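The residues making up each chain are set out below.
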Amino acid sequence: MGVLDVVPAGVVDGKDVYKLFDYCRENHFAIPAFNVTSSSVANAAMEAARDAKSPVILQVSQGGAAFFAGKGLANDKQQASIAGAVAAANHVRAVAESYGIPVVLHSDHCAKKLLPWFDGMLEADEANFAKEGKPLFSSHMLDLSEETKEENIETCLKYLPRMAKIGVWLEMEIGITGGEEDGVNNENVDNASLYTQPEDIWDIYRQFSEVTPNFSIAAGFGNVHGVYKPGNVSLQPDLLRKHQDYVREQLKSDKELPVFLVFHGGSGSEKHEITTAVKNGVVKMNVDTDTQFAYLEGIRDFVLNKKDYLMSQVGNPEGADKPNKKQYDPRVWVREGEKTMSKRCKIAFEDLLSAGQL
Ligand SMILES: O=C(CO)COP(=O)(O)O
Ligand SMILES: O=C[C@H](O)COP(=O)(O)O
Ligand SMILES: [Zn+2]
Ligand SMILES: [Zn+2]
């Protein structure tokens, strides 16, 4: 019995997203979510998932989606972020099945000011559903964590029925993620707001459950985006158990982990923090900063090692008339970045115990 006995290869949607996360929860593992900014980055993550025999989550941030469409496009009305998200989704939909792995296609943090981006993606999901009976994305995140809890919940409840109708999962955030996100600097936020309270989780769980079971909560336990010097971040994944216990008591349920939880700021985290988070019901962990650096490493080393072959189109240490096309073809040096990124992805699959689960 494995993941492929539960959901098929390719982009999963509707009930399959629930089945996949439920399978993770029952079998005590989580799936890494990698931020992708180009087809090359997405392919590196899918290749790594195939080799690790793991499902994978690919996500676009608002800025990453705009990059996918091209930085040369205007984005004053989120038009590039919408077009880029659609382009990324179509690319992944076209190739995911060939990798033989289930892929959850997701969009990352959407703050209040970015709601036009969310609206555009949801319209694209609905249009695709009308044509093909399935949405474009598996899942989207709403991040109103900077607003009041009431406004946060109300905004999610406004979108949730529309999403449930076409089989799109919702991830919401409560408690702020520190560091930087979409250009918003949360480096100096009040420490208490980095840690979510169990009563807040119950408020969300209770109201969302009346609409659909297809949602997850990114509850803050000291999470920070980015990688900083050791000691800067105090992650407390033990707190997540309190959420599960509280909700279980309210529900009078015997389900050990009633809430699907999401771990933001996975880069730079210690193995034991990840293990504790997964034990406490985390089914998705986001990794961006570490894979960004890993993608650079291969390209950086290639350029530094091959410098004498890259300064002109013709002429290298082997002769003044030797051509360098074999070195400066982007398929050669970009590929080196894909390989080093895939290695970092493999570590995430192993840390989260999703490796070998297919
Ligand atoms: O949470 C993230 C994206 O939403 C990723 O965080 P890191 O860049 O710290 O891995
Ligand atoms: O929000 C966290 C992710 O790392 C996305 O980052 P980004 O907005 O720089 O693409
Ligand atoms: Zn946030
Ligand atoms: Zn995040």
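Provided above is the structure to which this section pertains.
In this report, the structure presented in the accompanying data block is examined.

About the thresholds
- Residues numbered from 1 in each chain as written.
- Chains lettered and ligands numbered in written order.
- Predicted model: local features only at pLDDT ≥ 70, side-chain atom pairs only at ≥ 80, totals over all residues.
- Heavy atoms only, no water.
- Helix = DSSP H or I, 4+ residues; strand = E, 2+ residues; numbered from the N terminus.
- Buried < 20%, exposed > 50% of the residue type's maximum accessible area, 1.4 Å probe, protein only.
- Near = heavy atom within 4 Å.
- Polar contact = N/O pair within 3.5 Å; in protein donor to acceptor, adjacent residues only side chain to side chain.
- Areas by Shrake-Rupley, 256 points an atom, 1.4 Å probe, with all protein chains shown as cover.
- 1 Å grid on protein atoms, 1.4 Å probe; cavity = no way out; pocket = protein on both sides within 12 Å on 5 of 7 lines; lining within 4 Å.
- Sits in = over half its atoms within 2 Å of the grid points.
- Points joined across faces, edges and corners; volume = space filled by probe spheres on them.
- Donors = N, O, S within 2.8 Å, 3.2 Å for Na, K, Ca; no water.
- Core = buried A, V, L, I, M, F, W, Y, C linked by side-chain atoms within 4.5 Å.
- Contact = heavy atoms within 4.5 Å.
- Phe/Tyr/Trp six-rings, centres within 6.5 Å; stacked < 30°, edge-to-face > 60°.
- Lys NZ or Arg CZ within 6 Å of the ring centre and 35° of its normal.
- Salt bridge = Lys/Arg side-chain N within 4 Å of Asp/Glu carboxyl O.

A look at the environment of Phe260
Positionally, Phe260 belongs in the loop between helix H8 (239-251) and strand S10 (261-263). We classify Phe260 as buried; its relative accessible area is 4%. In this structure, the C-alpha to C-alpha distance between Phe260 and Pro213, residues 47 residues apart in sequence, is 9.8 Å.

Focus: the site of ligand 1
Surrounding ligand 1, one finds 15 residues, the nearest of these being Asp108, Gly226, Gly265, Ser267 and Thr289. Measuring from an oxygen atom of ligand 1, one finds a side-chain N or O atom of His225 at 3.1 Å. At 2.9 Å from an oxygen atom of ligand 1 is found a main-chain nitrogen or oxygen belonging to Gly265. Here ligand 1 loses 97% of its free accessible area of 310 Å² to cover by the protein chains. Spatially, ligand 1 is embedded in the largest pocket.

What to know about the layout of surface pockets
Of the voids in this model, the largest pocket is the one considered here, and its volume is about 560 Å³. Along the wall of the largest pocket there are 27 residues; nearest its centre are Asn35, Ser61, Asp288, Thr289 and Gln292. Those elements that provide at least two residues to the lining of the largest pocket are helix H3 (62-69), strand S7 (179-181), strand S11 (282-287) and helix H10 (289-305). Broken down by element, the lining of the largest pocket gets its largest block of residues, four residues, from H10.

Some details on the coordination of the zinc ion (ligand 4)
Within the protein, the atoms that donate to the zinc ion (ligand 4) are His109 (NE2), His225 (NE2) and His264 (ND1), at distances of 2.0 to 2.1 Å. Ordering the donors of the zinc ion (ligand 4) by residue number gives the pattern H-x115-H-x38-H. Here His109 is found in the loop between strand S4 (102-107) and helix H5 (115-132), whereas its partner His225 is found in the loop between strand S9 (215-219) and H8, with 116 residues between them in sequence. Neither His109 nor His225 differs from the other in exposure class; each is buried.

Regarding the nonpolar core
Ranked by internal contacts, the top residues of the largest apolar core, which has 77 residues, are Met46, Leu58, Val92, Phe208 and Ile217. No other element matches helix H2 (residues 39-52), which puts eight residues into this core. Excluding anything up to four places from it in sequence, Leu58 contacts Phe34, Val36, Ala42, Ala45, Met46, Val92, Val103, Val104, Leu105 and His106. The next biggest cluster of nonpolar side chains, apart from the first, holds 16 residues, and it includes Leu20, Cys24, Ile31 and Trp169.

Looking at the environment of Val17
Tracing the backbone shows Val17 in helix H1 (residues 15-26). Given a relative accessible area of 1%, Val17 falls into the buried group. Val17 sits 106 residues away from Glu123 along the chain, and the two C-alpha atoms are 20 Å apart.

Points about the packing of aromatic side chains
Each aromatic ring pair is described using two quantities: the centre-to-centre distance and the angle formed by the ring planes. Taken as a whole and judged by the stated rule, the model has 12 aromatic pairs. Look at Tyr18 and Phe260: their rings are 5.5 Å apart centre to centre, the planes differ by 90°, and that puts the pair in the edge-to-face class. In this pair, Tyr18 is assigned in helix H1 and Phe260 in the loop between H8 and S10, connecting sequence segments 242 residues apart. An angle of 75° between the planes, with centres 6.1 Å apart, marks the rings of Tyr23 and Phe29 as edge-to-face. Across the pair, exposure class does not vary: Tyr23 and Phe29 are buried alike. By the ring-pair criterion, three or more aromatic residues cluster together here, those being Tyr18, Phe21, Trp169 and Phe260. The ring of Tyr309 carries the charged tip of Lys306 above its face, separated from the ring centre by 5.7 Å.

As for the environment of Ala277
Tracing the backbone shows Ala277 in helix H9 (residues 271-279). In sequence terms Ala277 and Val12 are 265 residues apart; their C-alpha atoms lie 24 Å from each other. Ignoring sequence-local partners within four residues, the contact set of Ala277 consists of Phe221, Pro237, Leu240, Phe263 and Val282.

Focus: the pattern of salt bridges
When their charged atoms lie close together, side chains carrying opposite charge are able to pair. Counted under the stated rule, the structure contains 20 salt bridges. A salt bridge links Arg335 to Glu47; its shortest N-O distance comes to 2.9 Å. Residue Arg335 is found in helix H12 (residues 330-351), and its partner Glu47 is found in helix H2; the two are separated by 288 residues along the sequence. Overall, Arg335 belongs to the partly exposed group, its relative accessible area being 28%. Look at Glu47 and you get buried, because its relative accessible area is 17%. The shortest N-O distance in the salt bridge between Arg344 and Asp290 comes to 2.9 Å. Of this pair, Arg344 sits in helix H12 while Asp290 is found in helix H10, placing the two residues 54 residues apart along the sequence. On the basis of relative accessible area, Arg344 is assigned to the buried category, the value being 16%. In this structure Asp290 comes out as buried when scored by relative accessible area, which is 18%. Among the ionic contacts, a cluster of salt bridges with common partners joins Lys149, Asp200, Asp203 and Arg206.

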